[in-house]
Amino acid sequence: MKLKVLGSVSPYQKDKYNCPGYLIESCDKRVLLDCGNGITRELKLPDDLYNLTIIISHLHRDHYGDLLTLGYATYVYQKLGLLKEKVKVYIPKEESYDKTYLESLNEHFFEFIFYDETNVIEDDVKISFKRNPHPILTYSVKVEDSKNTIVYSSDTGYKNNTLEKFAKDADLLICETTFLQNQKGKEDNHLTTIEAGTISKKAKVKKLMITHTWPEINKKLYQKEVKTIFKNTILAKEGKVLKIGSR
């Protein structure tokens, strides 16, 4: 299983940083976790469109802003005869999603599928979902092949968080770490460095990748704080490729 970081910051892209996106490859299957602003420039097209499944964790724009760009790319490559099968795009099943935005994707080669916590996608890799606290309906995502497991937290608060169980013993947890410890206010919509480290320690994951950091703040400050709780912590960095070893 191989992971490529396409985007690592929020709520906006800046300079070399893109909003969230992570491409997982296992055998000949590809899974794109979120499609944030700017991630398309890190993809190898049209190759990365083949056998691709896109999972949108929730409908905040920094997590699906490049769907319009990628959708048009699928449309063009299909017209050129280079893409034979529609790319499946899984979106949380919620009536309040941004219908206007999705309806604007009138030139695409996508198949939109709505999912909830009960759905499991099995096609060489297994993809499952767990709801976590956030202002809108949001799911963490688990991707498993025969040997390895990657869990993506998406956006989440700390109280009533399910990641400790959902990410149990995962080879890699890609975890949002929006705030330095002294930045978090009263609202519990995102994690601090210490909270991300605590979840990883309790879940006994093998490795933690921290992401969803502010584009204006040096990433190493986040890593330094997280490592006080969980040592095996790395930074999400655009273009970084990580090979997940067998158990």
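Here the structure is a predicted model, which means the values were calculated and not measured.

Visitor: In this structure, what is going on with the nonpolar core? I would like to understand it.
Guide: Soluble globular proteins tend to pack their nonpolar side chains together in the buried interior. Grouped together as the largest cluster of nonpolar side chains are 27 residues, with contacts concentrated most on L3, L33, I55, I127, V143 and M209. Ignoring anything within four residues of it in the chain, the contact list for L33 reads G21, Y22, I24, I55, V141, V143 and Y152. By size, the runner-up hydrophobic cluster in this structure holds 22 residues, among which are L43, L52, L70 and V87.

Visitor: I'm lost on the sheet that holds strand 14 (residues 241-243) in this one. Help?
Guide: Sheet strands pair via backbone hydrogen bonds, and the direction of the pair is either parallel or antiparallel. If you trace the seven strands from one edge of the open sheet to the other, you get 6-5-4-3-2-1-14, paired in mixed fashion. Pairing within the sheet leaves two strands with one partner each, and these edge strands are strand 6 (110-115) and strand 14. Within this sheet the neighbouring strands show an average axis-to-axis angle of 20 degrees, counted without direction. Strands in contact with helix 1 (residues 67-79) are strand 3 (29-33), strand 4 (52-55), strand 5 (87-92) and strand 6; relative to strand 6, the strand with the most contacts, it is inclined by about 135 degrees.

Visitor: It is not clear to me how the sheet that holds strand 10 (residues 149-152) should be interpreted in this structure. Could you clarify?
Guide: Spatial strand order, 7-8-9-10-11-12-13: seven strands in an open sheet with mixed pairing. Each edge of the open sheet carries a strand with a single partner, namely strand 7 (120-123) and strand 13 (233-235). Within this sheet the neighbouring strands show an average axis-to-axis angle of 20 degrees, counted without direction. One ladder, built from three bridges, connects strand 10 with strand 11 (residues 172-176); its direction is parallel. Note on strand 11: the bridge partner recorded for Y152 is I174. Contacting strand 11 and strand 12 (208-211), helix 4 (residues 193-203) runs over the sheet at an angle of about 155 degrees to strand 11.

Thresholds, definitions, all that
Residues numbered from 1 in each chain as written. Predicted model: local features only at pLDDT ≥ 70, side-chain atom pairs only at ≥ 80, totals over all residues. Heavy atoms only, no water. Core = buried A, V, L, I, M, F, W, Y, C linked by side-chain atoms within 4.5 Å. Buried < 20%, exposed > 50% of the residue type's maximum accessible area, 1.4 Å probe, protein only. Contact = heavy atoms within 4.5 Å. Pairing = 2+ DSSP bridges. Helix = DSSP H or I, 4+ residues; strand = E, 2+ residues; numbered from the N terminus. Axes fitted to C-alpha atoms, helices over the stretch in contact; angles between N-to-C directions.

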